Amino acid sequence: MNPETLIAPAADVTLWGLFWQAHILVKAIMIGLTLASVWVWAIVIDKWILLGRTKRQMDRFEEVFWSGQSLEELYRSVSPRPSNPMATLFVAAMREWKRTYEGGARSLAGLTERIEKVMDVTIAREVDRLERQLLVLASVGSSGPFIGLLGTVWGIMTSFQAIAASKNTSLAVVAPGIAEALFATALGLVAAIPATIFYNKYVIEVNRQAQRLEGFADEFSAILSRQIDERT
Amino acid sequence: MRPGITISGFGHALVLGWGLVAFAVQPLNAPPTEAMPVDLVPLSELIQLKAGTLKTTKLEEKKPVAEKVAEPKPAPAPEAKPVDKPELKPTAAVPPPPPPPADKSLERLIDKMVTPEPTPAPNPVRVPEPPKRPPIPKQQVQKLDTPTETRAPQRTFDPGRVAALLDRRTPQRPHAAAEETSRQTTLGAPTGLDQRLSQSEIDALRAQIQACWNPPVGAEEAEKLIVRLRIQFKPDGTLTREPELLNRGTSPYFTVAAESAMRAVRRCQPYTLPAAKYEVWKDVEVTFDPRDMFRG
């Protein structure tokens, strides 16, 4: 045990002292909230990188796509490792198209529907990949304050019990316990506020990218169906 | 996931480490509430007035108010400045030296200013002076403080007291506050017997009478309804005789007010008053003022 807390348990209001004097439940809540905060920020950073990169790559891919390059060439250059959702969408659609053609299909009747289905599935998968773990942000954002509040309530309960035991209500006796208890709420808020803010921001961002993907899918399927119609 | 968790963990460790170091709670600067020492002081000690006598002369305390030093100067050369200083001497707070020699030294100073020639005449008292006189005119250009001090040893009194003559206060000193300086010590209450009812006992008497008094409610011009009664008590606190009305009022309600006051005095007997001071409260005057109930 920390020797300082043994000497002056009431006066130790440092961060470590606040943590160390707390009840075991409050300690667990503090640790949990700290870990939640770490996790939230990890997700925030990762998503920031992921969404930014995705947006840039999609921009680049669209540029290439509309530059008049032949689709076959584009498919050949992109298909080994599609780097962004749009490319993945493109590759999935092209693969379906080629499979039908190169398999020597006799009828192109159901091809358009198949392509659209494939693209839908791909979009769903890609959007899911983009918004994976955003739910963690939402959970932490909504439940973090409550968890912190639980720690506070518990800490205040124990500090009131301590008051009752010591029969002394001077502020010097009460204050450390309450400070320690409020520390839990502070941690909860520290975890929850960025989680909520970034959750909202990322949900909007993911929706925007999903819409962009769907728009691209529609355009691409229009192109493909035009090709199909020309060949039949 | 890798960069995120790394950066996040590192950032949290940084913040927590900083918090461990910097989250030193400095105590609030609320000064501890000091225990207020409470003494029980009988109010009478503070309120009992000493007897003032009319025969003593009123001690006019000297007011060390600063004179406007710059004005009375006859605009002389800068050497004349020290001349002003001895003028202030009577108001100086220092123990006054024998005045005549001081005045003469002043005259001498002035003489020196006006006539640089050594004039041994004006002071027949100081015989040994003439031998010292001649060098003085040469020093005249110096500060005039020095001549005073060189001449002082030839006086019959010691130089320390001469130095005390000098007004060392700066000419620009501010006026002293008048309230501070005009404190009169000879004033006293005309009835200022040492043995008299203290304020708290008067309060007690008031409270007793007030409990019984129904002041005339709603009467106009309450200031005209002030009733003064002379009350005489027996040692047991009852009235010796009927309270005596000491004043007359013009208000039509005055009779009502006087009646109510007399009724109150009558109703409340016997009064509990300190028996040791019977001589004091044997015969008292009480003022009944409807504005603030009444005053003793």
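Below or above, wherever it landed, is the structure these notes cover.

The rules behind each value
Residue numbers run consecutively from 1 along every chain, following the written order of its sequence. All chains are assigned letters beginning with A, and all ligands numbers beginning with 1, in the order in which they are written. In view of the model being predicted, local features appear only for residues whose pLDDT reaches at least 70, and side-chain atom pairs are presented and counted only at 80 or more, with totals across whole chains, interfaces and linings using the full set of residues. The side-chain figures draw on all heavy atoms in the structure; neither hydrogens nor water molecules are used. It only takes one pair of heavy atoms within 4.5 Å for two residues to be counted as in contact. Computed with a 1.4 Å rolling probe, the buried area is the accessible surface lost when two parts are put together, summed over both parts. Here a polar contact is recorded for every N or O atom pair within 3.5 Å, except that within protein the pair must consist of a potential hydrogen donor and a potential acceptor, and residues adjacent in sequence are included only if both atoms are side-chain atoms. Numbered from the N terminus, helices here are DSSP runs of H or I no shorter than four residues, and strands are runs of E no shorter than two. Side-chain classes follow a simple rule in which Ala, Val, Leu, Ile, Met, Phe, Trp, Tyr, Cys and Pro form the nonpolar group, Asp, Glu, Lys and Arg form the charged group, and the remainder, Gly included, forms the polar group. Relative accessibility decides the category of a residue: with a 1.4 Å probe and only protein chains considered, values under 20% of the type maximum give buried, values over 50% give exposed, and everything between is partly exposed. All tallies of charge rest on Lys and Arg as positive and Asp and Glu as negative; His and the ends of each chain are not included. What counts as a salt bridge is simple: a side-chain nitrogen of Lys or Arg found within 4 Å of a carboxyl oxygen of Asp or Glu. Patches were defined on residues exceeding 30% relative accessible area and lacking a salt bridge, with like-charge contacts within 9 Å and nonpolar side-chain contacts (Val, Leu, Ile, Met, Phe, Trp, Tyr) within 5 Å. Values of accessible area rely on a 1.4 Å probe in the Shrake-Rupley scheme; residue burial ignores everything except the protein chains shown. All charge positions are set by atom: Lys at NZ, Arg at CZ, Asp at CG, Glu at CD. When the centres of two rings from Phe, Tyr and Trp lie within 6.5 Å, Trp using its six-membered ring, the rings pair. Their planes under 30 degrees apart give stacked, over 60 give edge-to-face, and anything left gives tilted. We define a nonpolar core as any set of buried Ala, Val, Leu, Ile, Met, Phe, Trp, Tyr and Cys residues linked to one another through side-chain atoms lying within 4.5 Å.

Let us now look at the interface of chain A and chain B. The extent of an interface is frequently quoted as the accessible surface area lost upon association of the parts. Every contact between the two is made by 16 residues of chain A and, on the other side, 14 residues of chain B. For the pair chain A and chain B, the two sides together bury roughly 1,200 Å², of which 79% comes from carbon and sulfur. Put simply, chain A and chain B have five residue pairs in polar contact (both at pLDDT 80 or more) between them. Of all the secondary structure elements, the ones that give two or more residues to the side of chain A that touches chain B are helix H2 (15-20) and helix H3 (24-65) of chain A. The element contributing the most residues to the side of chain A that touches chain B is H3(A), with 10 residues. Here the residues of the side of chain A that touches chain B are counted per class, giving 11 nonpolar, four polar and one charged.

Now for the side chain of Glu180(A). Residue and element names in this part refer to chain A. Residue placement: Glu180 occurs in helix H8 (residues 171-231). For the buried residue Glu180, which engages in no salt bridge, the nearest side chain bearing the opposite charge is Lys27, 9.1 Å off. With sequence-adjacent residues up to four places away left out, Glu180 is seen in contact with Leu18, Gln21, Ala22, His23, Met30 and Gly155.

For the rest of this paragraph, the subject is a negative patch on the surface. Residue and element names in this part refer to chain A. On the surface, Glu113, Glu116, Asp120, Glu214, Asp218 and Glu219 cluster together into a patch of negative charge. When residues of the negative patch are traced back to their parent elements, those giving at least two are helix H6 (111-131) and H8. Mapped onto the elements, Glu116 comes out in helix H6. With relative accessibility at 36%, the residue Glu116 sits in the partly exposed group.

Time to look at the packing of aromatic side chains. All names here are of chain A. Applying the stated criterion across every chain yields a total of 13 aromatic pairs over all chains. Between the aromatic rings of Phe19 and Trp20, the centroid separation amounts to 6.5 Å while the plane-to-plane angle is 55°, which identifies the pairing as tilted. The class for Trp20 is partly exposed, based on a relative accessible area of 26%. Ring centres of Phe198 and Tyr202 lie 5.8 Å apart, and the angle between their planes is 40°; on these two criteria the pair is classed as tilted. On the criterion of helical spacing, the pair formed by Phe198 and Tyr202 is a turn pair, its members being four residues apart in helix H8. Exposure remark for Phe198: the relative accessible area of 17% places this residue in the buried category.

Turning our attention to a nonpolar patch on the surface. On the surface, a cluster of nonpolar side chains totalling about 390 Å² of accessible area is made up of Phe146(A), Leu149(A), Val153(A) and Met157(A). Within the element layout of this structure, Leu149(A) appears in helix H7 (residues 134-166).

Residue and element names in this part refer to chain A. If you trace the backbone, Thr158 turns up in helix H7. Classification of Thr158 as partly exposed rests on a relative accessible area of 22%. A C-alpha to C-alpha distance of 7.7 Å links Thr158 and His23, two positions 135 residues apart in sequence. Polar side-chain contacts of Thr158 include one of 2.7 Å to the backbone oxygen of Gly155.

Even without being glycine, Gln133(A) reaches a positive phi, approximately 75°. With respect to the helices and strands, Gln133(A) occurs in the loop between H6 and H7.

This part covers the nonpolar core. Counting residues in hydrophobic clusters, the biggest one holds 43 residues, and the most contacted among them are Phe61(A), Phe65(A), Phe90(A), Leu137(A), Phe216(A) and Phe220(A). Breaking this core down by element, the ones donating at least two residues are H3, helix H4 (71-78), helix H5 (85-102), H6, H7 and H8 of chain A. In terms of residues, this core owes the most to one element, H8(A), which gives 13 residues. Setting aside anything within four residues of it in sequence, one finds Phe61(A) in contact with Leu74(A), Val78(A), Asn84(A), Met86(A), Ala87(A), Phe90(A) and Phe216(A). Core analysis: the next-biggest nonpolar cluster, separate from the first, contains 25 residues, Leu239(B), Ala258(B), Ala264(B) and Leu273(B) among them.

Right, let's talk about the environment of Thr88(A) for a bit. Residues and elements named next belong to chain A. Counting through the fold element by element, Thr88 comes out in helix H5. Of the residues examined, Thr88 reaches a relative accessible area of 18% and is grouped as buried. As a C-alpha pair, Thr88 and Glu126 span 38 residues in sequence and 8.3 Å in three-dimensional space. Other than its neighbours up to four places away in sequence, Thr88 contacts Pro82, Thr122 and Glu126. A distance of 2.8 Å separates a polar atom in the side chain of Thr88 from the backbone oxygen of Asn84.

A few words now on the side chain of Asn84(A). Residues and elements named next belong to chain A. Tracing the backbone shows Asn84 in the loop between H4 and H5. With relative accessibility at 3%, the residue Asn84 sits in the buried group. Side-chain polar atoms of Asn84 contact the side chain of Ser83, separated by 3.5 Å. Once residues within four sequence positions are removed from consideration, Asn84 is found in contact with Gln57, Met58 and Phe61.

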